[in-house]
Amino acid sequence: MVETQHFASLLLFYNSTGYTYTAFGVEFYTYHMRALLLIDIQNDFLPGGSLAVPAGDQVIPVLNNLQPHLDLVVATQDWHPQNHKSFASNHPGKQPFEVTALQGLEQVLWPDHCVQHSEGANFAESLHMNKVEAIFRKGMNPEIDSYSGFYDNGHLKSTGLADYLRGRQVQQVYIAGLAGDYCVYFSAKDALLEGFDTFLIEDASRPISQDGFEKAKADVVSMGGQVVQSSSIL
Ligand code: VGL
Ligand code: ZN
């Protein structure tokens with residue numbers, strides 16, 4: 001028992017996410033891997049981009065500082081073909097930010113954004129990518145939009161992200177980026193549905209609409225997720 005405790009304290013020295021518990025008179029050490037999901041930190045969502053999120057660039061230094069504190073860092077990338085039906089330009093007579101229906105789902109029509117291979121689809125120049133172990137692309141099917149990093153909006157197809165995280169022993173998923181009321185929100189909901197302990201990092205996210213973000217955060221909490229500040233992770 002003394003030896004186990006010693007072993008546990010050694011592990012705790014390396015990472016504070018683990019904890020010990022005693023069952024059947026035996027002390028166990030449990031280690032929960034924590035992953036950070038960088039959601040759509042792409043030029044088109046930054047000031048000057050085609051679908052700029054207000055102050056979207058402010059998340060970058062926060063996310064760069066956070067990355068060394070988590071066990072695994074993964075990024076998502078909105079990656080649309082030019083004929084994507086979420087683009088208002090592909091609906092004659094319709095304007096960006098009008099709401100229509102797509103695949104039976106409510107669909108906001110967006111300005112063209114994150115077109116495959118365009119500069120706008122690239123990750124922000126100043127975002128640290130050296131710890132990003134995998135990039136999950138989404139939004140390739142022109143017939144349906146895909147806000148979440150886990151599934152398209154109709155839950156028709158998985159990106160494989162949930163199985164990837166499980167394969168890496170991840171239990172806790174920290175989600176942040178752009179936009180807080182769309183892709184961050186939908187990713188957090190799917191993370192909860194997939195059974196992960198889910199944390200939306202508020203100060204490392206920025207929304208398109210502040211009102212929408214308030215509703216999104218309340219919804220994540222109602223589903224069992226937590227809304228946290230980056231300072232709680234550092
Ligand atoms: C997003 C609208 C359209 C996002 C992506 O990353 O939040 N929003 N495509
Ligand atoms: Zn998009």
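Scroll up to find the structure this text is about.
Definitions and limits used
- Residues numbered from 1 in each chain as written.
- Chains lettered and ligands numbered in written order.
- Predicted model: local features only at pLDDT ≥ 70, side-chain atom pairs only at ≥ 80, totals over all residues.
- Near = placed C-beta within 6 Å.
- Nonpolar A, V, L, I, M, F, W, Y, C, P; charged D, E, K, R; others polar.
- Pairing = 2+ DSSP bridges.
- Helix = DSSP H or I, 4+ residues; strand = E, 2+ residues; numbered from the N terminus.
- Axes fitted to C-alpha atoms, helices over the stretch in contact; angles between N-to-C directions.
- Contact = placed C-beta atoms within 7 Å.
- Buried ≥ 20, exposed ≤ 12 C-beta atoms within 10 Å, placed from the backbone.
- Core = buried A, V, L, I, M, F, W, Y, C linked by C-beta atoms within 7 Å.

Close to ligand 1 lie D40, F45, D78, W110, Y147, L178, A179, Y182 and C183, which account for all nearby residues. A breakdown of the residues in the shell around ligand 1 according to their chemical character gives seven nonpolar, no polar and two charged.

Attention now goes to the sheet that holds strand β9 (residues 197-206). Overall, parallel pairing links the six strands, which are arranged β7-β4-β3-β8-β9-β10 in an open sheet. Two strands close off the open sheet at either side, each with one partner strand: β7 (132-138) and β10 (226-228). The mean inter-strand angle of the sheet, taken between neighbouring strand axes irrespective of direction, is 25°. Here β9 runs beside β10; their pairing, made up of three bridges, is parallel. Along β10, the bridge assignment pairs I201 with V228. Each of β3 (33-39), β8 (170-178) and β9 is contacted by helix α4 (residues 183-193), which is oriented at about 165° to β8, the strand it contacts most.

A word on the environment of Q42. Mapped onto the fold, Q42 is located in the loop between β3 and α2 (59-66). The spacing of Q42 and A52 is ten residues in sequence and 9.7 Å in space, taken between C-alpha atoms.

What follows concerns unusual backbone geometry. A cis amide bond, omega -15°, links L178 with the succeeding residue A179. In this structure, A179 sits in the loop between β8 and α4. Look at F97: it is not a glycine, yet its phi comes out positive at around 80°. If you trace the backbone, F97 turns up in the loop between β4 (72-78) and β5 (99-102). Residues other than glycine seldom take positive phi values, yet Q103 does so here, at roughly 55°. Within the fold, Q103 resides in the loop between β5 and β6 (105-108). Judged by C-beta crowding, with 14 C-beta atoms within 10 Å, Q103 ranks as partly exposed.

Attention now moves to the nonpolar core. A35, Y174, I175 and A176 are the most contacted members of the largest nonpolar core, which totals 53 residues. Elements supplying a minimum of two residues to this core: β3, α2, β4, α3 (161-167), β8, α4, β9 and α5 (210-222). Among residues more than four places away in sequence, those in contact with I175 are L37, I39, V184, S187, A188, A191, T198, F199, L200 and I201.

On to the pairing of β4. Buried residues dominate β4, accounting for seven of its seven residues. Alternating positions in β4 separate into two faces, L72, V74, T76 and D78 on one and V73, A75 and Q77 on the other, with burial throughout. Of the strand pairs in this sheet, β3 and β4 are connected by five bridges, and their pairing is parallel. Across the sheet, the residue bridging to A35 is L72, located in β4.

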